[in-house]
Amino acid sequence: MMEGGQPLPSPLVPSGNLSDSSMSLEQKTTFVFVVLLLIFLGILIVRCFRILLDPYRSMPTSTWADGLEGLEKGQFDHALA
């Protein structure tokens, strides 16, 4: 309390109308965008940790040359005909 009997203004309580405390459309859009970015970041962090814990699970077991069916590697001119 101040000397005149008035309470001290609190920085946590808004000193205006309650309608001014609502977020504007730009603030809401920014808030949604930041939340979506945080969700995306969380998904990427989880994916990176899964790759770090088991790196060979995400690698394919076959190579590009397996589908040539009898042709030696590098002989593409016969495969085009």
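A quick note: this is a predicted structure, and the numbers were derived from the prediction, not measured.

Peer 1: How would you sum up the overall build of the protein chain? Please name residues and give values.
Peer 2: Helix and strand content of the protein chain: two helices and zero strands. When the 81 residues of the protein chain are sorted by exposure, 2% land in the buried category. For the protein chain, the accessible surface area stands at approximately 8,100 Å², while carbon and sulfur atoms represent 65% of it.

Peer 1: Quick one: what's the story with the UniProt feature "transmembrane region" (unreviewed entry) in the protein chain, residue by residue and with numbers?
Peer 2: The residues that UniProt annotates with the feature "transmembrane region" (unreviewed entry) are residues 31–53. For the annotated span residues 31–53, helix accounts for 100% and strand for 0% of the residues, and the straight-line distance between the end C-alpha atoms is 33 Å.

Peer 1: Talk me through a nonpolar patch on the surface; I want residue IDs and the actual numbers.
Peer 2: On the surface, F33, V34, L37, L38, L41, I45, F49 and L52 cluster together to form a nonpolar patch covering roughly 810 Å² of accessible area. Note on placement: L41 falls in helix α1 (residues 25–53).

Peer 1: Describe the pattern of salt bridges, listing the residues and the values that go with them.
Peer 2: What the rule picks out here adds up to one salt bridge. R57 is the salt-bridge partner of D54, the closest N and O atoms lying 3.7 Å from each other.

Criteria and thresholds
- Residues numbered from 1 in each chain as written.
- Predicted model: local features only at pLDDT ≥ 70, side-chain atom pairs only at ≥ 80, totals over all residues.
- Heavy atoms only, no water.
- Helix = DSSP H or I, 4+ residues; strand = E, 2+ residues; numbered from the N terminus.
- Buried < 20%, exposed > 50% of the residue type's maximum accessible area, 1.4 Å probe, protein only.
- Areas by Shrake-Rupley, 256 points an atom, 1.4 Å probe, with all protein chains shown as cover.
- UniProt positions renumbered as here; feature names shortened; annotations may be inferred.
- Patch = residues over 30% accessible without salt bridge, like charges linked within 9 Å, V, L, I, M, F, W, Y side chains within 5 Å.
- Salt bridge = Lys/Arg side-chain N within 4 Å of Asp/Glu carboxyl O.

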